[in-house]
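Structural overview
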Amino acid sequence: MDHPGPPQFVAVGDSIQLAPRDPDPEVDYEWTISEAPLASETTLGDNAVEQFIPDVPGRYTATLRTPEDRFDLTIRVFPSDRRPTGEGSGRVGRSGYSGYSGYSGQSGSARPFESGGISGSGSGSAALGESSGEGQGRPRIRLDGEIIGEEAVITATVKPHPDSTRAADEIDVEFLLDDRNGITESDVTIDDRELRIPLEVIDDEARVHAVAIGDSYSVADSVSVDRLSGELVTDGGVAATGDFAIQRLNDPPEWGTEVKLYEIYVRGYAADDEEAETTFEALEKRLDHIEDLGVDCLWLTPVLQHDGAPHGYNITDFFSIADDLGEREDYEAFVEAAHERGMSVLFDLVMNHSARDHPYFQDAYQNPESEYYDWYEWQDNGEPGTYFGWEFIANFDFTNLSVRKHLLEAVDEWAEVADGFRCDMAWAVPESFWKEMRERLKSKDPEFLLLDETIPYIADFHEGMFDIHFDTTLYFTLRQVGTGNQDAEAILDAVEGRKRSAFPDHAAFMLYLENHDETRYIVECGDEATKAAAGALFTLPGIPMLYGGQEIGQRGRRDHLAWDHAREEIRAHYDDLIALHDEHPSLGFNGDLQRIDYEADSDEVVAFGRESEAGDYVVILNFGPETQTVSIDKSVDATDLVSGESRAAEEGLTVESVAVFELEE
């Protein structure tokens, strides 16, 4: 389709990557700046993929020429003093290039930071996106639409940064029309926070994008007005009227916000099964355990051909199932068996690199004449680009159209046999690739789920890229609380940090205590803290995720699961929490988090409210070893919904690890 995609928003001096979509490596592409502010001297080079770095604010048009067509792309450039501030901010178009060196880490582990140290998002006030001065911070925006008479009316709702001194009505809104739809500003009417499009000017669709502008500009939001050609299947993000439907383009699929995730480390999860003919058969035999646990979305670590490292992230063939796991038919049989049990499956998508054992890299290494030499980044010493000194992988060069085409074909291949992708090292891949991938997938299946692993998290990744984000801030904070390095109330700061980091309210987050890259929480923090932290997963806003074995007290990070040594009290605790989460929707994605006044003798205790139309609740977590009595300023039924027991005491409510109470009217 060649066109480079939706309009872009950027600040002077920042960088975005421009690239043709669905690229043909045999075609010549040429970029030029066809319109720019008078004072601008910005130019583009002769490559098919270019970095655009504007020098003055205003509107630019970047034009992509192919042998058969010409495509214009609008870029809105803001002054450098409007550059987004705080963690989770900034342009990510420069990602995809190895910029970290000297880190001694494991290949296959996508951890820029070790837990227990200063971990980007989550360490201190700046990591939570807090403002550095009065009125600072990114605002947030949401677009909604409806058909009124003969017009589509798009309305922007603006919220200031939580620490801003500005009121919402003091924040500007700027709309941009998508260049691909052939609708210009002369066709529409814009009045402050409202844009109106006459239905008669819409051919197939009209996409509208907008940012809020205060001290800096927001993550953009987008809607599409679609002319209907047949029956429309509506979801939570689609509003249909007559011959048109209006769709919010950045909402996660509704099903993805309702699931409980479960990560399976494929080469250790069922390794005790000596009778199964393949690993996939052994995993399928464990589905009864998983179903009984109550989780309903499975993330499998990589299942593609690899270099022998058991984690599977060093891939040697992006189109073949790993020989040590089984055949493609075995993988598909596992997915079908999961679907029969009402479970969805996420495919672990590795796009940043290949293994150094990949035949293309083997041909290219120290061979500039190789047809694959330009597929990879190279250091001055002749070694491939990589991160953290990982010695078994080599970073792809995304300025090479053959690389992009190869990886997009792999995306198409595996999207057919998965319900979504968990995208490995998302922070290390250019945003232009992710944006193309999202539109490519969503055009075929709007319900396809995209989960990013980004450490620390980046708010801009919710702009036309991903549905759900690893909540790395909460992960790190739960570790700090569990080891006694922070007060328990810090977990509320962590959740509120999402807004301070400029994520829009419709962004979704995956909550986790551990995964295949991390020491087990129970090992680092102990039993008591683990039970409280588990409570946090199932009572804080987000999508809870368990790492296989977490529910039985497994202590080894990537060891074979010790099924024979499962700890029943740990399993029972997770059973209670999952049942609680299922029974009370207010504890899930759609419930609001409310701070409440409470008193306790320990800093290892935190209390908070969860509210929605489905009911109002008070949650109390105790990370310490001793039962605590907590007084709150709310009137609640003293029956703990986790244990079913009364927690009433003379001075308040008693809490061992997790307690949830229903608010009395």
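See above for the structure.
It should be emphasised that the depicted structure is a prediction, and the values quoted were computed from it without experimental measurement.

Digging into the overall build of the protein chain
Counting its secondary structure elements, the protein chain contains 13 helices and 35 strands. Over its C-alpha trace the protein chain gives a radius of gyration of 25 Å, about what one expects of a compact globule, namely 26 Å for 665 residues. For the protein chain, the residues scored as buried account for 59% of the 665 residues in total. Nonlocal contacts in the protein chain, meaning residues at least 24 apart in sequence, comprise 68% of its contacts between residues at least 6 apart.

A short note on the nonpolar core
In summary, soluble globular proteins display a tendency toward joint burial of nonpolar side chains. Counting residues in hydrophobic clusters, the biggest one holds 144 residues, and the most contacted among them are Y331, F421 and W434. The element that contributes the greatest number of residues to this core is helix 7 (residues 401–415), accounting for seven residues. Setting aside its immediate chain neighbours within four residues, F421 contacts L346, F347, L349, V411, W414, A415, M437, L441, F448, L449, L450 and L451. Counting 25 residues, the second-largest nonpolar core is a separate cluster that includes I202, A206, V223 and V225.

Focus on the packing of helix 7 against helix 8 (residues 431–444)
Running from N to C, helix 7 and helix 8 cross one another at 35°; their axes reach a closest spacing of 11 Å. For helix 7 against helix 8, the interelement crossing comes out right-handed. Contact with helix 7, carried on its side by R404, L407, L408, V411, D412 and A415, involves S432, F433, E436, M437, R440, L441 and K444 of helix 8 and no other residues of that element. Tallied by class, residues from the contact of helix 7 with helix 8 come to seven nonpolar, one polar and five charged.

Structural notes on the side chain of S432
Checked against the element boundaries, S432 lands in helix 8. In this structure S432 comes out as buried when scored by relative accessible area, which is 12%. Polar side-chain contacts of S432 include one of 2.9 Å to the side chain of R404. When sequence neighbours within four positions are dropped, the list of residues in contact with S432 reads Q17, A19 and R404.

Here we look at empty space enclosed by the protein
All chains considered together, the criterion is met by seven cavities of 30 Å³ or more. Forming the boundary of the largest cavity are 14 residues, of which P4, Q8, Q17, A19 and S432 lie nearest the centre. Here the element with the most residues in the lining of the largest cavity is helix 8; it accounts for four residues. Grouping the constituent residues of the lining of the largest cavity by class yields six nonpolar, three polar and five charged.

Here we look at the pairing of strand 13 (residues 221–227)
Within strand 13, six of the seven residues are buried, which leaves it mostly tucked inside the rest of the structure. Sheet analysis places strand 12 (residues 205–213) next to strand 13, joined by six bridges and oriented antiparallel. Looking at the pairing, E205 lines up with D226 of strand 13. Sheet analysis places strand 13 next to strand 15 (residues 244–248), joined by five bridges and oriented antiparallel.

Some details on the sheet that holds strand 35 (residues 658–662)
Strand order in this open sheet of four strands is 28-30-31-35, and the pairing throughout is antiparallel. At either margin of the open sheet sits one strand with a lone partner, and together these are strand 28 (592–595) and strand 35. Along the sheet, successive strands turn relative to each other by an average axial angle of 25°, direction set aside. In this structure, strand 30 (residues 605–612) lies alongside strand 31 (residues 615–622), joined through eight bridges in antiparallel fashion. Of the residues in strand 31, the one forming a bridge with G609 is V618. Its contacts with the sheet put helix 10 (residues 490–500) on strand 28, strand 30 and strand 31, and the angle it makes with strand 28 is roughly 135°. Across the sheet, helix 12 (residues 527–537) touches strand 31 and strand 35, and the angle it forms with strand 31 is around 160°.

Re the pairing of strand 20 (residues 344–350)
Across the seven residues of strand 20, seven count as buried, placing the element largely inside the fold. Burial along strand 20 is two-sided: the face carrying S344, L346, D348 and V350 and the face carrying V345, F347 and L349 are both buried. The pairing of strand 17 (residues 297–300) with strand 20 spans four bridges and is classified as parallel. Bridge pairing in strand 20 links W299 to L346. Pairing analysis gives five bridges linking strand 20 to strand 23 (residues 420–424), with the strands arranged parallel.

With respect to the packing of aromatic side chains
Tallying each qualifying case throughout the model produces 35 aromatic pairs. Aromatic pair W434 and F466: ring centres 5.1 Å apart, planes at 65°, arrangement edge-to-face. Pair noted here: W434 is in helix 8 and F466 is in the loop between strand 24 (449–452) and strand 25 (468–470), with a separation of 32 residues, a long-range link. Here W434 matches F466 in class, with each residue buried. Among the aromatic residues, ring-to-ring pairing joins F318, F361, Y365, Y373, Y376, W378 and F396 into one connected group. Above the face of the Y217 ring, R138 is positioned so that its terminal group lies 5.7 Å from the ring centre.

A closer look at unusual backbone geometry
Residue P456 is reached from I455 by a cis peptide bond, and omega for that bond is -10°. Tracing the sequence through the fold places P456 in the loop between strand 24 and strand 25. Despite not being glycine, M425 shows a phi value in the positive range, around 50°.

A short note on the sheet that holds strand 27 (residues 543–547)
Around the barrel, which closes on itself, the eight strands sit in the order 16-17-20-23-24-25-26-27 with parallel pairing between neighbours. Strand-to-strand twist across the sheet, computed as the mean angle between neighbouring axes with direction ignored, equals 25°.

Description of helix 8
With 14 residues, helix 8 extends 20 Å between its outermost C-alpha atoms, agreeing within 8% with the 20 Å of an ideal straight helix rising 1.5 Å per residue. Across the 14 residues that make up helix 8, a large majority, 11, are buried. Where helix 8 is concerned, the buried positions are E431, S432, F433, W434, K435, E436, M437, R438, R440, L441 and K442. The secondary structure elements touched by the buried residues of helix 8 are strand 1 (8–11), strand 2 (16–18), strand 20, helix 7, strand 23 and strand 24.

A short note on the environment of P252
Checked against the element boundaries, P252 lands in the loop between strand 15 and helix 2 (254–258). Using a relative accessible area of 12% as the deciding quantity, one classes P252 as buried. Not counting residues within four places of it along the chain, the set of residues in contact with P252 comprises T257, D467, H506 and A508.

Re the environment of T155
Of note, T155 is situated in strand 8 (residues 151–159). Between the C-alpha atom of T155 and that of W378, which follows or precedes it by 223 residues, the distance is 47 Å. Ignoring any residue separated from it by four or fewer positions in sequence, one finds T155 in contact with R142, L143, D144, R193 and E194.

Parameters at a glance
- Per chain, residue numbering runs from 1 following the sequence as it is written.
- Given that the model is predicted, a residue must reach a pLDDT of at least 70 before its local features are reported, and side-chain atom pairs must reach 80 or more before they are shown or counted; all residues, however, enter totals for whole chains, interfaces and linings.
- Computation of side-chain values covers all heavy atoms of the structure but excludes hydrogens and water.
- Numbering goes from the N terminus for both helices and strands, where a helix is a DSSP run of H or I of at least four residues and a strand is a run of E of at least two.
- The size measure is the radius of gyration over C-alpha atoms, and the globule rule it meets is 2.2 Å times the number of residues to the 0.38 power.
- With a 1.4 Å probe rolled over the protein chains alone, any residue whose accessible area is under 20% of its type maximum counts as buried; one over 50% counts as exposed, and the rest are partly exposed.
- Two residues form a contact once any of their heavy atoms are found within 4.5 Å.
- Nine residue types can take part in a nonpolar core, namely buried Ala, Val, Leu, Ile, Met, Phe, Trp, Tyr and Cys, and a core is a set of them joined through side-chain atoms within 4.5 Å.
- Whenever a helix is involved, its axis is fitted only over the stretch in contact; in every case the axis is a line through C-alpha atoms, and angles between N-to-C directions fall within 0 to 180 degrees.
- Here a crossing is called left-handed whenever its near helix is offset anticlockwise from the far helix by less than a right angle, and right-handed whenever the offset is clockwise.
- When residues are sorted by character, Ala, Val, Leu, Ile, Met, Phe, Trp, Tyr, Cys and Pro go into the nonpolar class, Asp, Glu, Lys and Arg into the charged class, and all the rest, Gly among them, into the polar class.
- Any N or O atom pair separated by 3.5 Å or less is treated as a polar contact, with the protein-specific requirement of one donor-capable and one acceptor-capable atom, and with residues adjacent in sequence counted only for side-chain atom pairs.
- The distinction between a cavity and a pocket rests on a 1 Å grid over the protein atoms alone: a 1.4 Å probe fits inside a cavity but cannot get out, while a pocket stays open yet meets protein on both sides within 12 Å along at least five of seven lines, and a residue with an atom within 4 Å of a point counts as lining.
- Grid points are joined across faces, edges and corners, and a volume is the space filled by probe spheres set on the points.
- Should DSSP find at least two bridges between two strands, the strands are taken to pair.
- Classification of ring pairs rests on two measures: the distance between centres of Phe, Tyr or Trp rings, Trp counted by its six-membered ring, which must be within 6.5 Å, and the angle between planes, read as stacked under 30 degrees, edge-to-face over 60 and tilted in between.
- Comment: the charge-over-ring label is applied if NZ (Lys) or CZ (Arg) is within 6 Å of the ring centre and within 35 degrees of the ring normal.
- To estimate the expected span of a helix, count its residues, drop one, and scale the result by 1.5 Å.

That is the geometry; function is a separate question.
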